[in-house]
Amino acid sequence: MNSTTALPTQSDEQVELLIGGMTCASCANRIERKLNKLDGVTATVNYATEKARVTYHGGVSPDELIATVEQTGYTAHLPAPKSTSPDSVTEESSAPDPTASLRQRLFVSLVLSAPVIAMAMVPALQFTNWQWMSLTLAAPVVVWGAWPFHKAAWTNLRHGTATMDTLVSIGTLAALGWSLYALLWGTAGIAGLTHPFELTISRTDGAGNIYLEAAAGVTTFILAGRYFEARSKRRAGAALRALLELGAKEVSVLRNGVEERISVDQLAVGDEFVVRPGEKIATDGVVTEGSSAIDASMLTGESVPVEVGSGDQVVGATVNVGGRLVVRADRIGTDTQLAQMAKLVEDAQTGKAQAQRLADRISGIFVPIVITLSVATLGFWIGTGGPIAAAFTAAVAVLIIACPCALGLATPTALMVGTGRGAQLGILIKGPEVLESTRRVDTVVLDKTGTITTGKMTLLDVVTADGEDRDQVLRLAGALEDYSEHPIAQAIATGARDRVGVLPVVEDFTNIEGLGVHGVIEGHAVIVGRTRLLDDWAQHLPADLDTSLRAAESEGKTAVAVGWDGKARAVLVVADAVKATSRQAITQLRALGLTPIMLTGDNAAAAATIADQVGIDQVIAEVLPADKVETVKRLQAEGKVVAMVGDGVNDAAALAQADLGLAMGTGTDVAIEASDLTLVRGDLRAAADAIRLSRATLRTIKVNLFWAFAYNVAAIPLAAAGLLNPMLAGAAMAFSSVFVVSNSLRLRRFRSTATG
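Fair warning: this is a prediction, and the values are worked out from it, not measured in the lab.

Engineer: Just checking my understanding: could you explain the side chain of Asp447 for this structure?
Structural biologist: Following the sequence through the fold, Asp447 ends up in strand 15 (residues 443–447). A polar side-chain atom of Asp447 sits 3.1 Å from a polar atom in the side chain of Lys628. The residues contacting Asp447, other than those within four sequence positions of it, are Ile452, Leu599, Thr600, Lys628, Met644, Val645, Gly646, Asp647, Asn650 and Asp651.

Engineer: Honestly, the nonpolar core in this entry has me stumped. Any pointers?
Structural biologist: Within soluble globular proteins, side chains that are nonpolar generally end up buried alongside one another. Counting residues in each nonpolar core, the largest one holds 41 residues, and the members touching the most others are Leu446, Leu589 and Leu662. It is helix 26 (residues 685–720) that contributes the most residues to this core, nine residues altogether. Once you skip the residues sitting within four places of it in the chain, Leu662 turns out to touch Ala643, Met644, Val645, Gly646, Leu655, Ser675, Leu677, Leu679, Ala687 and Ala690.

Engineer: Hey, could you run me through the UniProt feature "transmembrane region" (unreviewed entry) in the chain in this one?
Structural biologist: As recorded in UniProt, the sites labelled "transmembrane region" (unreviewed entry) are residues 106–124, 130–147, 167–190, 210–228, 362–382, 388–411, 703–721 and 727–745. Helix and strand shares over residues 106–124 are 84% and 0% respectively, and the end C-alpha atoms of the span are 27 Å apart. Along residues 167–190, the helical share is 75% and the strand share 0%, with 31 Å between the first and last C-alpha atoms.

Engineer: Would you take a moment to explain the pairing of strand 5 (residues 250–255) for this structure?
Structural biologist: Two faces belong to every sheet, and in a regular strand the side chains alternate between them. Here strand 5 runs beside strand 6 (residues 258–263); their pairing, made up of six bridges, is antiparallel. Bridge pairing links Leu254 to Glu259 in strand 6. The turn linking strand 5 back onto strand 6 is made up of two residues, and Asn256 within it adopts a positive phi angle of 55 degrees. Pairing between strand 5 and strand 7 (residues 272–275): three bridges, direction antiparallel. Residue Leu254 lies in a different strand from strand 7, and its bridge partner there is Glu272.

Engineer: Please clarify how the packing of aromatic side chains should be interpreted in this entry.
Structural biologist: Here the distance between the centres and the angle between the planes together describe a pair of aromatic rings. The full count for this structure, using the stated rule, is four aromatic pairs. Ring geometry for Phe380 and Trp381: centres 5.6 Å apart, planes at 75 degrees, overall edge-to-face. Overall, the relative accessible area of 49% leaves Phe380 in the partly exposed class. Of the aromatic side chains, those joined through ring pairs into one cluster are Trp178, Tyr181 and Trp185. Over the aromatic face of Trp144 sits the side chain of Arg105, whose NZ or CZ is 4.8 Å from the ring centroid.

Engineer: Whenever I open this one, the packing of helix 17 (residues 470–481) against helix 18 (residues 487–500) confuses me. Can you help?
Structural biologist: Axis angle and axis distance: for two packed helices, these are the angle between their axes and the distance between the axes, and together they describe the pair. Relative orientation of the contacting elements helix 17 and helix 18 amounts to 135 degrees, with a least axis distance of 8 Å. On the basis of their axis angle, the class for helix 17 and helix 18 is oblique. Seen from above, helix 17 lies across helix 18 with left-handed handedness. Here helix 17 contributes Arg470, Asp471, Leu474, Arg475, Ala477, Gly478 and Glu481 to the contact with helix 18, which in turn contributes Ala489, Gln490, Ile492, Ala493, Ala496, Arg499 and Val500. Considering only residue class, the contact of helix 17 with helix 18 consists of seven nonpolar, two polar and five charged.

Engineer: Explain helix 2 (residues 62–71) here, please?
Structural biologist: Because each turn of an α-helix spans 3.6 residues, side chains separated by three or four positions in sequence point in the same direction. Along helix 2, the positions that sit buried rather than exposed are Leu65, Ile66, Thr68 and Val69. An end-on view of helix 2 places all buried positions within 155 degrees of arc, on one side of the element. For helix 2, the exposed residues lying more than 90 degrees away from the buried face are Asp63 and Gln71. Looking one or two residues past helix 2, Gly73 carries a phi angle of roughly 105 degrees, positive in sign.

Engineer: Help me understand helix 6 (residues 147–158) in this model?
Structural biologist: Compared with an ideal rise of 1.5 Å per residue, which puts twelve residues at 16 Å, helix 6 spans 17 Å between its outermost C-alpha atoms and is within 8% of the ideal. Here helix 6 has its buried residues at Phe149, His150, Ala152, Ala153, Thr155 and Asn156. Of the residues flanking the end of helix 6, it is Gly160, one or two places downstream, whose phi is positive at about 65 degrees.

Engineer: Is there a simple way to explain the sheet that holds strand 19 (residues 524–529) in this structure?
Structural biologist: Picture the strands of a sheet paired through backbone hydrogen bonds; they go either parallel or antiparallel. Spatially, 16-21-20-19-18-17 is the arrangement adopted by the six strands of the open sheet, whose pairing is antiparallel. On the outer flanks of this sheet lie strand 16 (453–464) and strand 17 (507–512), each paired with one strand and no other. Strand after strand, the sheet turns through a mean of 20 degrees between neighbouring axes, direction not considered. As defined by bridge partners, strand 20 (residues 558–564) adjoins strand 21 (residues 567–578) across seven bridges and the pair is classed as antiparallel. Considered in strand 21, the bridge of Ala561 is made with Val571. Where helix 20 (residues 543–554) meets the sheet, it contacts strand 16, strand 20 and strand 21, and its direction lies at approximately 20 degrees from that of strand 21.

Engineer: What is the right way to read unusual backbone geometry from this model?
Structural biologist: Backbone phi values are negative for most residues with the exception of glycine, while trans is the configuration of most peptide bonds. If you check the backbone angles, Asp508 has positive phi at about 55 degrees while not being a glycine. Of note, Asp508 is situated in strand 17. In this structure Asp508 comes out as exposed when scored by relative accessible area, which is 61%. Positive phi is not limited to glycine here, since Ala538 has a value of about 60 degrees. Its place among the elements puts Ala538 in the loop between helix 19 (531–536) and helix 20.

Engineer: I'm lost on the pairing of strand 7 in this one. Help?
Structural biologist: Pairing of strand 7 with strand 13 (residues 325–331) involves four bridges; the strand directions are antiparallel. If you follow Phe273 over to strand 13, its bridge partner there is Val327.

Engineer: Where do I start with the pattern of salt bridges in this structure?
Structural biologist: Opposite charge on two side chains permits them to pair, given that their charged atoms come into close proximity. Counting across every chain of the model gives 22 salt bridges. One salt bridge in this structure joins Arg255 and Asp271, with 3.4 Å as the shortest N-O distance. On the criterion of sequence distance, the pair formed by Arg255 in strand 5 and Asp271 in the loop between strand 6 and strand 7 is long-range, its members being 16 residues apart. Residue classification places Asp271 among the buried positions, given a relative accessible area of 17%.

Engineer: Just checking my understanding: could you explain the environment of Ala708 for this structure?
Structural biologist: Along the chain, Ala708 turns up in helix 26. Note on Ala708: relative accessible area 2%, which makes it buried. Sequence-wise, Ala708 and Phe739 are 31 residues apart; in three dimensions their C-alpha atoms are separated by 9.3 Å.

Conventions we followed
Residues numbered from 1 in each chain as written. Predicted model: local features only at pLDDT ≥ 70, side-chain atom pairs only at ≥ 80, totals over all residues. Heavy atoms only, no water. Helix = DSSP H or I, 4+ residues; strand = E, 2+ residues; numbered from the N terminus. Polar contact = N/O pair within 3.5 Å; in protein donor to acceptor, adjacent residues only side chain to side chain. Contact = heavy atoms within 4.5 Å. Core = buried A, V, L, I, M, F, W, Y, C linked by side-chain atoms within 4.5 Å. Buried < 20%, exposed > 50% of the residue type's maximum accessible area, 1.4 Å probe, protein only. UniProt positions renumbered as here; feature names shortened; annotations may be inferred. Pairing = 2+ DSSP bridges. Phe/Tyr/Trp six-rings, centres within 6.5 Å; stacked < 30°, edge-to-face > 60°. Lys NZ or Arg CZ within 6 Å of the ring centre and 35° of its normal. Axes fitted to C-alpha atoms, helices over the stretch in contact; angles between N-to-C directions. Parallel < 35°, antiparallel > 145°, perpendicular 65-115°, else oblique. Left-handed = near helix turned anticlockwise from the far one by under 90°. Nonpolar A, V, L, I, M, F, W, Y, C, P; charged D, E, K, R; others polar. Arc of directions from axis to C-beta. Expected span 1.5 Å × (residues − 1). Salt bridge = Lys/Arg side-chain N within 4 Å of Asp/Glu carboxyl O.

Below, the structure written as structure tokens:
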């Protein structure tokens, strides 16, 4: 990506292109460079999402941009108009799996390659004419299985470039071609031929050498890597689908005073619609009738429901947990806050820095050098009067020995073992590009609700007046609140039931919207609610209870008063409780060299209290979803490499924007899909484990790549000198592959630091 990006001016236009045909990060770089050569164009191409965001002005048109991409050897087209209707979301999510053909190609290649490799590596399996069976099995793998590599190599050749696809294609075809020559015109086709392991260096004309196991094995290994990569890339758009699916599917609209059930995409600005308790609000609007409590935690992160009444603004996809509401729609479709949040997620994903694979970076230099060395070897031996067969043997040997067998294993084996171990520990890693971020991360931004805290209201304390029995307060208050659907009421009822057991029966239950509830229990007229409600019944809080209530509210907690028979008896304190393991998790994150920052939509008092409990010094409170993204961007602009841990819809865009996004698995699908790592356990200590495991996996990949390339670099001079015995090459290749696999298997010994 460009290190600097021009800011759009009023005359600038921006377009997004969907790019097809990219096989590695270097493809994205090539397209980006080509587009940026156009006058007035600033382009960013993201390999992971297969999209290009282009800002342009002057005489450039979208058609010209598409033509430029196609001239580079790839496809491009404008995205279809988006729809927020549930039907369009369903159609998109049920589209055919684009990885199906790659999966089929991998499966067939694996089945055919396994016996070829076994026969070549185990002399006991080399029956009479085994080499012809190897040819029969290997040829379809090299021709059909490796077809995506051959096609990409041809495209690269036409445009004068080379990638790992070029090396894989040339290497596998050279191995197959020379094996055909040795079988048909050399001595390799003689019945009874065996390939013993002779670890000697000697010059040969190659007439008895076949390399079918190398050709088939390399193809299968690299297909496996491409398949796992494609499977993780397919999830890039799932965050947007999950976000749009949060919205209501149908709505009860009022037409001439009569309710009519319609699809939400038929709703128009100005329509009035009914929202009953438990239903989602269909779109952004203004309450025109009724009062209720709205659970907006999915969008705002605020754990306490918001009381709304006539004239108050409400947001689509939030949940009505109280009374009946009538709402007038004032924003629909792409103008709603939900759709704008989807745009934030998409923008953050598309703008995320590309993950440059180590193998792809090195291949830009390695591939041309290998091809040059092969041609130079051929020319040298012919020029010095050597036999033509020996010259071709040496030249082909250079290509074959450079063909990345261990390199094909280096990333996928470490990734499979690392991700498999992660899954056992409740950590899901989405792909190899994720790992590169973990090494550089120095700042971790933590959402409060559902990440550091439980994300649900909990009864924390019962403060009684002098002479009052705590259990009696809980029995009566819990019984009364059990009849209410309000989340605070349910927290009190659950807490009471846990502490005193069965709750008594309530008579004459009455719910007073926005204030509280009252009823008769065992002959007592009980009131639970705001102090205003108790004041209306002449039940004023004594000084000690009033002090406790104000202290709780100053810490961002919710305090509810309890009274009966003409007297205020107690204050119940309810809040979003801190998870038991959060403080230990913060300590572990600090030990990894990370600076924790708490970011939340909650009020400053509640945020400061929670931060103090878990040991976080830096707190940013009362932020909107868009502000969370801007906060992450600001930290990145200051030179920090940011990891973000969150669980709600309001965190999704920030998770996508961060250099490393970690989603709590107990959170929403949107947050999980927008993240790089998912912590299934819902335990914040898993965040530290995830970063440790990712760093360990990345180290393993780097070691694997080093030895894979070191093997090639060491063996190429022998091949060029015509001294490469094919069995020595096979043994060395097998050893390098075994080393890579065994080194990757060490990740299975990774242990979690979490206890209990």
